[in-house]
Amino acid sequence: MPSKLTLTLAITGASGAALARAALARLHADEQVGRVDLVASPHGLRVMREELQLGEGRLDQLAERLLGGPAPKILVHDDRDIGANIASGSYPSQGMIVLPCSMGTCAAIAHGLADSLIERAADVCLKEKRRLLLAIRETPLHRIHLRNLLAADEAGATIYPVMPAFYDGAASAEAMAQQFAARLLSHFGLSAPDMFQWQG
Ligand SMILES: Cc1cc2nc3c(=O)[nH]c(=O)nc-3n(C[C@H](O)[C@H](O)[C@H](O)COP(=O)(O)O)c2cc1C
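A. Looking closely at the packing of aromatic side chains. A complete count under the given rule lists three aromatic pairs for this structure. Measuring from ring centre to ring centre gives 5.6 Å for Tyr160 and Phe180, while their planes differ by 75°; the resulting arrangement is edge-to-face. With Tyr160 in the loop between strand S6 (158-159) and helix H7 (173-185) and Phe180 in helix H7, this pair connects stretches of sequence that are 20 residues apart. In this structure, Tyr160 and Phe180 share a single accessibility class: buried. Relative to Trp198, the ring of Tyr167 has its centre 6.0 Å away and its plane inclined at 85°; by these criteria the two rings are edge-to-face.

See below:
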């Protein structure tokens, strides 16, 4: 096992861009993480403009624009670049998070479409038996959503709905986003000192 983790963060066009930014900031700051491959779908970028007031700018500077400063270990990919490193199982990566994950992307992953870079990178995670977290967000869910969630789970993904906890004392939406991101990243063995732990 490599001493530092290489992880992919994919941002799609579901609501919850602030959660993606919180997770990205934690990955950026975490010394246990050596490299982050970041990819956003066109609709993900659209929702970031809506929810984070993210202005127009260069795609390759997406991480800097989200974090407000240099982000040397984060490599941004174009979702159309099906030849990017993360499209191949030979690229050493320990897993992928789709946060937030739209029901459209969930459907594509559940059915192995692998048409965009996000879909292909997720497909690679499943075939290589690497951890894949789908932070889906939609409500209510209809039967096709439910079937796709089951299919994705059966293929090896972890369905991790955007459902923040209400028992951790988070006093603001930002604190709630931070706790959600910390808990999600703990699934990759990343420990954060500020993550709430229920003591019983
Ligand atoms: C402001 C906004 C919020 C949206 N929220 C959701 C959502 O929570 N869940 C969802 O599945 N789709 C949501 N959508 C619709 C998706 O963006 C749309 O289905 C898109 O095709 C998803 O494409 P992608 O998965 O390639 O990003 C939202 C769209 C907009 C503009």
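There's plenty left to go through after this.
B. Structural view of the nonpolar core. Ranked by internal contacts, the top residues of the largest apolar core, which has 38 residues, are Leu9, Leu38, Met48, Leu62, Leu99 and Leu184. Here this core takes seven residues from helix H1 (residues 17-29), the largest share from any one element. Beyond its immediate sequence surroundings of up to four residues, Leu38 is in contact with Leu9, Ile11, Leu24, Leu62, Ala63, Ile74, Leu75, Val76 and His77. Grouped together as the second largest cluster of nonpolar side chains are 25 residues, Val39, Ile86, Ala110 and Ala121 included.

C. Region of interest: the sheet that holds strand S2 (residues 33-40). With respect to topology, six strands assemble into an open sheet ordered S3-S2-S1-S4-S5-S6, the strand pairing being parallel. One side of each edge strand has no neighbouring strand; the edge strands of this open sheet are strand S3 (74-78) and S6. Summarising the sheet, strand S5 (residues 131-136) and S6 pair through two bridges and their orientation is parallel. Residue Leu133 lies in a different strand from S6, and its bridge partner there is Thr158. Of the strands in this sheet, strand S4 (95-101) and S5 touch H7, which is tilted by about 150° from S4.

D. Focus on the pairing of S2. The element S2 is extensively covered by neighbouring structure, given that six of its eight residues are classed as buried. Crossover handedness for the path strand S1 (residues 5-11) to H1 to S2: right-handed. As defined by bridge partners, S2 adjoins S3 across five bridges and the pair is classed as parallel. In the sheet register, Val39 faces S3, and the bridge partner there is His77.

E. Spatial organisation of the site of the ligand. Near the ligand you find Thr12, Gly13, Ala14, Ser15, Ser41, His43, Val47, Ser102, Met103, Thr105, Arg137 and Glu138, and these make up its full shell. Contact between the ligand and His43: an oxygen atom at 3.3 Å from a side-chain N or O atom of the residue. Considering the ligand on its own, with 650 Å² of exposed area, one finds that the protein chains cover 67% of that surface. A class-by-class count of the residues in the shell around the ligand yields three nonpolar, seven polar and two charged.

F. Structural view of a nonpolar patch on the surface. A grouping of Tyr167, Phe196 and Trp198 is seen on the molecular surface, where their side chains present a nonpolar patch of about 380 Å² in accessible area. For Trp198, the location among the structural elements is in the segment after H7. Residue Trp198 is classed as exposed on the basis of its relative accessible area of 64%.

Here is what the cut-offs are and how they apply
- Residues numbered from 1 in each chain as written.
- Predicted model: local features only at pLDDT ≥ 70, side-chain atom pairs only at ≥ 80, totals over all residues.
- Heavy atoms only, no water.
- Phe/Tyr/Trp six-rings, centres within 6.5 Å; stacked < 30°, edge-to-face > 60°.
- Helix = DSSP H or I, 4+ residues; strand = E, 2+ residues; numbered from the N terminus.
- Buried < 20%, exposed > 50% of the residue type's maximum accessible area, 1.4 Å probe, protein only.
- Core = buried A, V, L, I, M, F, W, Y, C linked by side-chain atoms within 4.5 Å.
- Contact = heavy atoms within 4.5 Å.
- Pairing = 2+ DSSP bridges.
- Axes fitted to C-alpha atoms, helices over the stretch in contact; angles between N-to-C directions.
- Right-handed = clockwise from strand over helix to strand, strands pointing away.
- Near = heavy atom within 4 Å.
- Polar contact = N/O pair within 3.5 Å; in protein donor to acceptor, adjacent residues only side chain to side chain.
- Areas by Shrake-Rupley, 256 points an atom, 1.4 Å probe, with all protein chains shown as cover.
- Nonpolar A, V, L, I, M, F, W, Y, C, P; charged D, E, K, R; others polar.
- Patch = residues over 30% accessible without salt bridge, like charges linked within 9 Å, V, L, I, M, F, W, Y side chains within 5 Å.
- Salt bridge = Lys/Arg side-chain N within 4 Å of Asp/Glu carboxyl O.

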